[in-house]
Amino acid sequence: MGSLKAVLKHPDDFYPLLKLKMAAKKAEKQIPAEPHWGFCYTMLHKVSRSFALVIQQLNPELRDAVCIFYLVLRALDTVEDDTSIDADIKVPILIAFHQHIYDRDWHFACGTKEYKVLMDQFHHVATAFLELKKGYQEAIEDITKRMGAGMAKFICKEVETIDDYDEYCHYVAGLVGLGLSKLFHASGTEKMFPDSMSNSMGLFLQKTNIIRDYLEDINEIPKSRMFWPREIWSKYVNKLEELKYEENSEKAVKCLNDMVTNALIHIEDCLKYMSDLRDPAIFRFCAIPQIMAIGTLALMYNNIQVFRGVVKMRRGLTAKVIDRTRTMGDVYQAFYDFSVILKSKVDMRDPNAETTISRIEAAQKICKDSGTLKNSKSYIVESKPSYSPALIALLFIVLAIVYAYATANRQNKIKVTL
């Protein structure tokens, strides 16, 4: 539920965190009884708890299709991510992966922890996939085939130019956006969106992840993974790994800001896509990750910690986003709030400052023109942290009750065992 210190510093996070915890417990209890579906939903919770929560809100038929779509692509991504696999082995698997999803007996040993389990027992995913309607199967197969081919292309190709960067992000994430749009349309609840808009939804998320994961990727064993385009980083250093060294901190931050500015170009398409969604559950499914992305970009901008460790939104703010995101007005408010934070961090001496400001203000204009900002509650609490004695006392009482309940349950289990 997040650290006690963080909750005390942001007491308004407590209730959303509690609701998120309860929702997670409820979702875990709804795991299907059938072995293959049970495996799929259990694995979904392990590889992405927050994603599992937003999936649970979809109608059952679409929920199953999106669950399998996610696991298939997660398995494909596990093959691509495993740097211990030789290219001559990896490439054929990536290219043929769309065929393996029809094979109940196929599995491949790679990955670590829960991802290894997913690959070892992939037959469960294939079994569930074969129970989906034909329209869902065709959409998943098509995207898996195109993504596998794109991943294979970049196994032997460096990300040199910004065009390369956009192409790579299209293969690994833009296609996810296209696939989800196809699944939404196949469910009969949404219109078919233009590929360009669906692509931008994926690129905005992927570019945020690539920026955030710089240190993890560059330190990958046995071989670094490098997704930042040379066209950008070569303006600041001779080798991408040099950005992590303390003596290059000033250059690293300028390069980081350049990367964030590049990601901001997709905001207009993302806002347009979300504003055209009709189904409330699909809307939340799409909107929550997008808000998390703009929030993460605001946190990372001008932040040297990206090159020192993991930079991400605090869990309490994540819970608040999940709890509050109900309407497009909420999305406009969130994007506006986080863009204000981002804009406040721009140093006009930064070489990309004017472009950054221009893209931020373009996003803010869309949010203002919606006419909904004054009707929405701000995601960002601007006031100083409040340490209300009553709230703190209530917090400790709730924690004491939860602890006592958990202790009593453990004792009862011990007695039953004895």
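Residues numbered from 1 in each chain as written. Predicted model: local features only at pLDDT ≥ 70, side-chain atom pairs only at ≥ 80, totals over all residues. Heavy atoms only, no water.

### A look at empty space enclosed by the protein
Gaps left between atoms show up when a probe the size of a water molecule is rolled over them.
Part 1: Within this structure, the stated rule accounts for three cavities of 30 Å³ or more.
Part 2: Here the second largest cavity is characterised by a volume of approximately 40 Å³.
Part 3: Lining the second largest cavity, in full, are Tyr214, Asp217, Ile218, Arg225, Met226, Phe227, Trp228 and Leu240.
Part 4: Partitioned by chemical class, the residues of the lining of the second largest cavity number six nonpolar, no polar and two charged. (1 Å grid on protein atoms, 1.4 Å probe; cavity = no way out; pocket = protein on both sides within 12 Å on 5 of 7 lines; lining within 4 Å. Points joined across faces, edges and corners; volume = space filled by probe spheres on them. Nonpolar A, V, L, I, M, F, W, Y, C, P; charged D, E, K, R; others polar.)

### Re the confidence of the model for the chain
Should the pLDDT be low somewhere, the predicted coordinates at that spot are not to be read in detail.
Part 1: Looking at the chain, pLDDT values average 88 and 83% of them are 70 or higher.
Part 2: Low confidence marks residues 413–418, where pLDDT is under 50. Its contacts with residues over four positions away, or in another chain, come to zero contacts. (pLDDT = per-residue confidence, 0-100. Contact = heavy atoms within 4.5 Å.)

### What to know about the packing of helix H3 (residues 35–47) against helix H5 (residues 60–81)
Part 1: Where H3 contacts H5, the two axes come as close as 10 Å, and the packing angle between them is 65°. With respect to the hand of their crossing, H3 and H5 are arranged in left-handed fashion. Note on element contacts: H5 touches H3 through Arg63, Asp64, Cys67, Ile68, Tyr70 and Leu71, opposite Trp37, Cys40, Tyr41, Met43, Leu44 and Val47.
Part 2: Of the residues belonging to the contact of H3 with H5, the class tally is 10 nonpolar, no polar and two charged. (Axes fitted to C-alpha atoms, helices over the stretch in contact; angles between N-to-C directions. Helix = DSSP H or I, 4+ residues; strand = E, 2+ residues; numbered from the N terminus. Left-handed = near helix turned anticlockwise from the far one by under 90°.)

### Section: helix H19 (residues 353–369)
Part 1: The end-to-end C-alpha distance of H19 is 24 Å, a good match for the 24 Å that 17 residues give at a rise of 1.5 Å each.
Part 2: By the burial criterion, the buried members of H19 are Ala353, Thr356, Ile357, Ile360, Ala363, Gln364 and Cys367. Looking straight down H19, one finds its buried side chains confined to an arc of 130°; they lie on one side. For H19, the exposed residues lying more than 90 degrees away from the buried face are Glu354, Lys365 and Asp369.
Part 3: The inward-facing, buried residues of H19 contact helix H14 (249–263), helix H15 (267–275) and helix H18 (328–344).
Part 4: Looking at the residues trailing H19, positive phi occurs at Gly371, about 75°. (Expected span 1.5 Å × (residues − 1). Buried < 20%, exposed > 50% of the residue type's maximum accessible area, 1.4 Å probe, protein only. Arc of directions from axis to C-beta.)

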